[in-house]
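Chain and residue survey
Listed here are the chains, written in short residue letters.
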Amino acid sequence: MKKMTEGNVAKNIFFFAIPIFLGNIFQQMYNAADAVIVGKFSGKEALAAVGTAGPIMNILIFFVIGFSLGSAILMAEFYGSGDIEKLKKEIATTIKAGIIFICLLSIIALFSAKYILILMKTPPEIMKMAEDYLQIIIAGLVFSFLYNILSAEMRAIGDSKTPLIILIISVILNIGLDIYFIKELKLGVKGAAYATVISQIAAVIISILDIYYKMPVLRLKVREFTIDLILLKKTMSYSLSYAIQQTVIFTGAVFVQGAVNPLGIDSIAAFNSGCRIDGFILTPGDSMGAALTTFISQNRGAGKNERIFQGFKSALTMSLLYCVITAIFIFIFSESIMKIFIDSSEIKTIFLGKMYLRTIAFFYILTAICNTLQGFFRGLGRMDVTLAATFIQIPIRIILSYILTRYMGISGVAVGMGIGWIFMAVYETYLYMGYRSKRREINGVHI
């Protein structure tokens, strides 16, 4: 456990972000392992099926993460202010209400998955595989929720290392089961889905045991699992804003996938491999934003406004430096990176993926600005700002993807994403400058 209301600002954020970054990398490996192993042992059709199911799965996962993040902001605030009683009430409220909601969401998703795939213009040859994969993932969604909320609890009290260790164990298990189910048992995409769900169940069990034996501040008795309606209302206002935001993002991804699917199997496989690579590359920026959210939430609870703005500047500087280095690396080694996901004999698919990566690399620096601003406003509890920014970005991305793919193929999607990021960065920067000026006037904070 660690309070980030004291000590060196940049050091606090950096060392808290590292385990989150590594954890996000391993989280990406859940899907990446599915993609790599499915692609190698079950063919590009199976890879395309998993990729096509990805946006739908991500919508559901980020509803789950929305609950976790919304609650984590409040938990970090209560921990920063030293109000342990409210911290425990928040944990109990989120877990009990969240399980009810996720179960209802899973039932709806199980019945609607097929129709969403049809709306996405999924090719007939991969329809059944994509549907099978989704149904298994949806059935295990409650375990994903429990794992995410337990991890959020640990991070809220300043422990980002334990969730990382648990995730590493889970990912290793996932990869081992992937190989066994797909290569040995020939279960194809079903095997990948089974491996993911089983490894998440293992992560939940380990997390519960770790909290029970090592983190008494988070330990709850059975009678404490009640729903506090006041906290539930506040949690829902945060959680639903984030969940809606992420749902908009991945609903946008569903529509973008619809723009890519008519281009054929090679483009689908190349685009989804490129997106998985993007996921890895952009993870440090996401992690820095997540670390900044916790840092700001704890310091807001402690009433330390000056540290809030110092934290923003430190996180932005580190993110910008990383993105410049990464963009150069991706541009130079894009073809070699694509060959990790696609067999070397698939020359056309690799070429298409390379062009996508080289195009998107030009826009990576914008993600540093967007992610840092998102982390800043989330930490302040201003979920309305982050939601509005997403509503600006996503329609631009969708519209431009449908227009530009006609002329540029999947590289047109990259250009659409970049232009969307530009509008998002301008909007959030404008609000940040206004907020900074206002706090300077009210508190006399030097920022």
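You'll find the structure just up there.
Residues numbered from 1 in each chain as written. Predicted model: local features only at pLDDT ≥ 70, side-chain atom pairs only at ≥ 80, totals over all residues. Heavy atoms only, no water.

Points about the overall build of the chain
Regarding its fold elements, the chain presents 14 helices and zero strands. Taken from N to C terminus, the helices and strands of the chain fall in the order α-α-α-α-α-α-α-α-α-α-α-α-α-α. Rg of the C-alpha trace for the chain: 21 Å, near the compact-globule value of 22 Å for 447 residues, within the 12% margin. C-alpha atoms of the chain, sized along the principal axes, occupy 60 × 45 × 35 Å. Taken over 447 residues, the chain has a buried fraction of 58%. Taking all contacts inside the chain whose residues are at least 6 apart in sequence as the whole, residues at least 24 apart take part in 84%. As displayed, the chain offers around 18,500 Å² of accessible surface, 68% of which is attributable to carbon and sulfur atoms. Charge-centre separation for the chain: the mean point of 40 positive side chains lies 4 Å from the mean point of 27 negative side chains. (Helix = DSSP H or I, 4+ residues; strand = E, 2+ residues; numbered from the N terminus. Rg over C-alpha atoms; globule rule 2.2 N^0.38 Å. Buried < 20%, exposed > 50% of the residue type's maximum accessible area, 1.4 Å probe, protein only. Contact = heavy atoms within 4.5 Å. Areas by Shrake-Rupley, 256 points an atom, 1.4 Å probe, with all protein chains shown as cover. Lys, Arg positive; Asp, Glu negative; His and termini not counted. Charge placed at Lys NZ, Arg CZ, Asp CG, Glu CD.)

A few points about the packing of helix H3 (residues 84–119) against helix H5 (residues 141–156)
Running from N to C, H3 and H5 point in directions that differ by 155°, and their axes come no closer than 9 Å. Overall, the two elements H3 and H5 adopt an arrangement that is roughly antiparallel. The hand of the H3/H5 crossing is right-handed. Of the residues in H5, those touching H3 at Ile91, Thr94, Ile95, Gly98, Ile99, Ile102, Cys103, Leu105 and Ser106 are Leu141, Val142, Phe145, Leu146, Ile149 and Glu153. Here the contact of H3 with H5 is built from residues that sort into eleven nonpolar, three polar and one charged. (Axes fitted to C-alpha atoms, helices over the stretch in contact; angles between N-to-C directions. Parallel < 35°, antiparallel > 145°, perpendicular 65-115°, else oblique. Left-handed = near helix turned anticlockwise from the far one by under 90°. Nonpolar A, V, L, I, M, F, W, Y, C, P; charged D, E, K, R; others polar.)

Some thoughts on the pattern of salt bridges
Oppositely charged side chains may form a pair once their charged atoms are brought near each other. On inspection of all chains with the given rule, the structure shows seven salt bridges. Lys214 is the partner of Asp210 in a salt bridge, and the nearest nitrogen-oxygen pair spans 3.6 Å. Taken together, the residues span about one helical turn, with Asp210 and Lys214 both in helix H7 (residues 188–214) at a distance of four residues. Since its relative accessible area comes to 13%, Asp210 is described here as buried. Glu335 serves as the salt-bridge partner of Lys339, at 3.7 Å between the closest nitrogen and oxygen. Of the two residues, Lys339 and Glu335 are both situated in helix H10 (residues 305–341); the distance of four residues between them amounts to about one turn of the helix. (Salt bridge = Lys/Arg side-chain N within 4 Å of Asp/Glu carboxyl O.)

Things to note about the environment of Lys313
Note on placement: Lys313 falls in helix H10. Counting along the chain gives 303 residues from Lys313 to Ala10, while the straight-line C-alpha distance between them is 8.8 Å.

Some details on the packing of helix H9 (residues 265–301) against H10
Contact pair H9 / H10: the axes reach a minimum separation of 10 Å and the direction vectors enclose 170°. Of the possible angle classes, the one that applies to H9 and H10 is roughly antiparallel. For the pair H9 and H10, the sense of crossing is right-handed. Considering only residue class, the contact of H9 with H10 consists of 18 nonpolar, six polar and three charged.

Things to note about the state of the cysteines
With the rule as written, the count across this model stands at zero disulfides. Cys370 provides the cysteine sulfur closest to Cys323, a residue in no disulfide bond, and the two sulfurs are 10.0 Å apart. On the basis of relative accessibility, which here comes to 5%, the residue Cys323 falls in the buried class. Classification of Cys370 by relative accessible area gives buried; the value is 4%. (Disulfide = S-S within 2.5 Å.)

So, the nonpolar core
Burial of nonpolar side chains together is a common tendency in soluble globular proteins. Counting residues in each nonpolar core, the largest one holds 115 residues, and the members touching the most others are Leu87, Tyr133 and Leu218. Sort the elements by how many residues they give to this core and helix H2 (residues 44–81) lands first, with 23 residues. Contacts of Leu218, omitting those with residues within four sequence positions, involve Leu87, Ile91, Glu153, Met154, Ile157 and Ile211. Ala315, Phe376, Leu380 and Val385 belong to the second largest nonpolar core, which has 21 residues in total. (Core = buried A, V, L, I, M, F, W, Y, C linked by side-chain atoms within 4.5 Å.)

Let's talk about the side chain of Ser71
Within the fold, Ser71 resides in helix H2. Given the relative accessible area of 0%, Ser71 is considered buried. Separated by 2.8 Å, the side chains of Ser71 and Thr94 make a polar contact. Residues within four places of Ser71 in sequence aside, it is in contact with Glu90, Thr94, Ile149, Thr235 and Ser239. (Polar contact = N/O pair within 3.5 Å; in protein donor to acceptor, adjacent residues only side chain to side chain.)

Section: the packing of aromatic side chains
Counted according to the given criterion, the structure contains 14 aromatic pairs. Where Tyr180 meets Phe181, the ring centres are 5.7 Å apart and the plane angle is 50°; that geometry is what we call tilted. Relative accessible area serves as the criterion here: at 13%, Phe181 is assigned to the buried category. Both rings, one in Tyr212 and one in Tyr213, keep their centres 5.1 Å apart while their planes meet at 90°; by these two values the pair is edge-to-face. On the basis of relative accessible area, Tyr213 is assigned to the exposed category, the value being 62%. Directly above the ring of Tyr212 sits Arg219, whose terminal nitrogen or CZ lies 5.2 Å from the centroid. (Phe/Tyr/Trp six-rings, centres within 6.5 Å; stacked < 30°, edge-to-face > 60°. Lys NZ or Arg CZ within 6 Å of the ring centre and 35° of its normal.)

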